[in-house]
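Structural characterization, general
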Amino acid sequence: MKQLAFLPLKIFALSLVLACAALTAMAQNGKLEISGLDHLADKASETVDVNMDERLLQMTAKFLSSKDSDEAKIKEIIAGLKGIYVKNFSFDKEGDYTQGDIESIRSQLKGPGWTRFIQVHSRKDGDNVEVYVMTL
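These lines cover the structure that appears in this document, whether it is placed above or below. Residue positions are given per chain, counted from 1 along the sequence in the order it is written. Owing to the predicted nature of the model, reporting of local features is limited to residues with pLDDT of at least 70; listing and counting of side-chain atom pairs is limited to 80 or more, with chain, interface and lining totals taken over all residues. The side-chain numbers reported here are obtained from all heavy atoms of the structure, hydrogens and water having been left aside.

Remarks on the overall build of the chain
For helices the rule is a DSSP run of H or I covering at least 4 residues; for strands it is a run of E covering at least 2, with both sets numbered from the N terminus onward. Helix and strand content of the chain: three helices and five strands. Seen in sequence order, the chain has helices and strands lined up from the N terminus as β-β-α-α-β-α-β-β. Exposure classes here rest on a 1.4 Å probe applied to the protein chains alone. A residue is buried below 20% of its type maximum, exposed above 50%, and partly exposed in between. Put simply, the chain has 136 residues, and 38% of those count as buried. Throughout, a contact is declared for two residues whenever any of their heavy atoms are within 4.5 Å. The contacts of the chain with a sequence gap of at least 6 include a subset with a gap of at least 24, amounting to 72%. Element-wise, carbon and sulfur atoms account for 57% of the exposed surface of the chain, whose accessible area totals about 8400 Å². Residue burial considers only the protein chains on display, and all accessible areas are found by Shrake-Rupley using a 1.4 Å probe.

Below, the structure written as structure tokens:
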């Protein structure tokens, strides 16, 4: 997003980076209901959407070598993940989204097991980035 800061028009970005890593199988699967953000894609100048469910993660892990120590560690981490989900929207002007647009997501992240481990807010660049993980 730093590249966008050089554009003449100030960039306002809303980044909801939602990393879901459920370490044990429980009733709550850790996946958030984020379809309420779909309408923002039409207003955004740039969007990023990453959806890696458990099946895709396990397929990816097969390409890693157990003989290489770094790859073996990554493979072990991936084995415990249930999914990685990222939503990122960048906006060209203020007012393209409201706090109400993201409140339904934030309320879900107040549930049991969710922990925010990265938060970046920049008034200068208009960035708002939060990264959460679920470790049930």
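After that view, the rundown keeps rolling.
A word on the packing of aromatic side chains
Ring pairs are drawn from Phe, Tyr and Trp, using the six-membered ring of Trp, whenever the two centres fall within 6.5 Å, and their geometry is named by plane angle: stacked under 30 degrees, edge-to-face over 60, tilted for the rest. Using the criterion set out here, one finds two aromatic pairs in the structure. Ring centres 5.1 Å apart and planes at 35 degrees place the aromatic pair Phe 91 and Tyr 97 in the tilted group. Across the pair, exposure class does not vary: Phe 91 and Tyr 97 are buried alike. Every member of this aromatic cluster is reached through a ring pair, and the members are Phe 89, Phe 91 and Tyr 97.

What to know about the pairing of strand 5 (residues 127-134)
Successive side chains on a regular strand alternate, one facing one side of the sheet and the next facing the other. Burial within strand 5 is extensive, with eight of its eight residues counted as buried. Along strand 5, one buried face is formed by Asp 127, Val 129, Val 131 and Val 133 and the opposite face, lined by Asn 128, Glu 130, Tyr 132 and Met 134, is buried too. The pairing of strand 4 (residues 114-122) with strand 5 spans eight bridges and is classified as antiparallel. Counted as the bridge partner of Ile 118 is Val 131 from strand 5. The pairing criterion is simple: DSSP has to find at least two bridges between the two strands. Following strand 4, the chain reverses through four residues before pairing antiparallel with strand 5; Gly 126 in that reversal takes a positive phi of roughly 80 degrees.

Focus: the side chain of Glu 130
You can see Glu 130 is positioned in strand 5. Looking at Glu 130, its side chain comes within polar contact range of the side chain of Arg 106, at 2.7 Å. Residues adjacent in sequence count toward polar contacts only when both atoms are side-chain atoms; beyond that, a polar contact is any pair of N or O atoms within 3.5 Å, and within protein one must be able to donate a hydrogen and the other to accept it. Within polar-contact distance, the side chain of Glu 130 engages the side chain of Tyr 132 at 2.9 Å.

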